[in-house]
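Spelled out from the first residue to the last, the chains are:
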Amino acid sequence: MQTEALIRHISGWLKDYAAGAGVRGYAVGISGGVDSAVVSALCARSGVQLLCVDMPIRQKADQLERARNHIAALQRQFSNVRAISADLTPLFEEFERSVALPDAKQQELALANTRSRLRMSTLYYYAQTHGLLVAGTGNKVEDFGVGFFTKYGDGGVDVSPIADLLKSQVYRLAEALGVSESIRAAAPTDGLWDGERTDEEQMGASYPELEWAMAQHEAGRAREEFAGRQQQVFDIYTRLNRAAQHKIQPIPVCRIPAELLD
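- The name that an unreviewed UniProt entry assigns to the protein chain is NH(3)-dependent NAD(+) synthetase, with the source organism given as Kingella pumchi.
- As recorded by UniProt, the Catalytic activity (unreviewed entry) comment attached to the protein chain reads in full: "deamido-NAD(+) + NH4(+) + ATP = AMP + diphosphate + NAD(+) + H(+)".
- Per UniProt, the protein chain has the following entry under Pathway (unreviewed entry): "Cofactor biosynthesis; NAD(+) biosynthesis."

Following this line, the structure appears as structure tokens:
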């Protein structure tokens, strides 16, 4: 992987896309994780305006600290970076009270996804008011492999700078971009739960394992070709990939026969 050339390529692509779209730059939601750190660093290097937004919702202190330290580091290095902090906890908790169901467990996942959708709405608000586009932070495994994102939440973006990169490649970019060790060493998490739930705990496999399974799946391999943990990981990947097709594929359109419109 030609890391420096890749950084120049993506940064140049971001600059050209913003110019072609007639916008000033990009807004990025900063979570304290490696993906948002890499995307924001690439946007900063493009030279266009970058608005970094942290949007805590009952966020763990270490996640918020990593996010704000990263934003501060970008601002020290680049004059085109601005920052906004929007505490969405009161808004989320009012929503939580308004839609409460008798069975709290039934709404747990829906509320987790609501956090992501509130952040998306907030990010688009700030993007529109500043003449910016929203830059997504999803990587290839999340966006096109297992669908580990919220539909119309963190999946609601205008551009996807790193969606053609595997998670392992994102980490290599992070090191080259000077992303802090605290972010690179942190266990990946979507930050949508009150308790600590890592991505691996939620999916049942690590990103290196999922990258391996994605490659095997794309090569047309069958589960019977594997055994033990490899077969288990392959099964996890195929199950998640199958369940996520409604997110991965374009929205289906019901095509109307011309004779029905006469």
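**Focus on the layout of surface pockets**
Next up, step 1: The computed volume of the second largest pocket comes to approximately 200 Å³.
Next up, step 2: Along the wall of the second largest pocket there are 16 residues; nearest its centre are Asn69, His70, Ala73, Ser180 and Ile183.
Next up, step 3: Within the residue set of the lining of the second largest pocket, elements represented by two or more residues are helix H2 (34-46), helix H3 (61-77) and helix H8 (181-185).
Next up, step 4: Ranked by the residues each element gives to the lining of the second largest pocket, the list is headed by H3, at eight residues.

**With respect to the nonpolar core**
Next up, step 1: Residues Tyr26, Val38, Leu42 and Leu173 are the most contacted members of the largest nonpolar core, which totals 35 residues.
Next up, step 2: Counting residues per element, this core draws most heavily on H2, at eight residues.

**A few points about the environment of alanine 19**
Next up, step 1: Here alanine 19 shows up in helix H1 (residues 3-21).
Next up, step 2: Separated by 29 residues in the primary sequence, alanine 19 and valine 48 have C-alpha atoms spaced 9.0 Å apart.

**Notes on the side chain of histidine 130**
Next up, step 1: For histidine 130, the position within the fold is in the loop between helix H5 (108-129) and strand E4 (132-134).
Next up, step 2: We classify histidine 130 as buried; its relative accessible area is 19%.
Next up, step 3: A polar side-chain atom of histidine 130 sits 3.2 Å from a polar atom in the side chain of threonine 129.
Next up, step 4: In this view, histidine 130 contacts Arg24, Leu51, Arg82 and Ile84; residues no more than four positions away in its chain are not counted.

**Brief notes about the pattern of salt bridges**
Next up, step 1: Throughout the structure, instances matching the rule amount to 15 salt bridges.
Next up, step 2: Across the salt bridge formed by aspartate 62 and arginine 66, the nearest N and O atoms sit 3.3 Å from each other. With aspartate 62 and arginine 66 both in helix H3, this residue pair falls four residues apart, about one helical turn.
Next up, step 3: Glutamate 108 is paired through a salt bridge with arginine 197; the nearest N and O atoms lie 2.6 Å apart.

What counts, and at which threshold
- Residues numbered from 1 in each chain as written.
- Predicted model: local features only at pLDDT ≥ 70, side-chain atom pairs only at ≥ 80, totals over all residues.
- Heavy atoms only, no water.
- UniProt positions renumbered as here; feature names shortened; annotations may be inferred.
- 1 Å grid on protein atoms, 1.4 Å probe; cavity = no way out; pocket = protein on both sides within 12 Å on 5 of 7 lines; lining within 4 Å.
- Points joined across faces, edges and corners; volume = space filled by probe spheres on them.
- Helix = DSSP H or I, 4+ residues; strand = E, 2+ residues; numbered from the N terminus.
- Core = buried A, V, L, I, M, F, W, Y, C linked by side-chain atoms within 4.5 Å.
- Buried < 20%, exposed > 50% of the residue type's maximum accessible area, 1.4 Å probe, protein only.
- Polar contact = N/O pair within 3.5 Å; in protein donor to acceptor, adjacent residues only side chain to side chain.
- Contact = heavy atoms within 4.5 Å.
- Salt bridge = Lys/Arg side-chain N within 4 Å of Asp/Glu carboxyl O.

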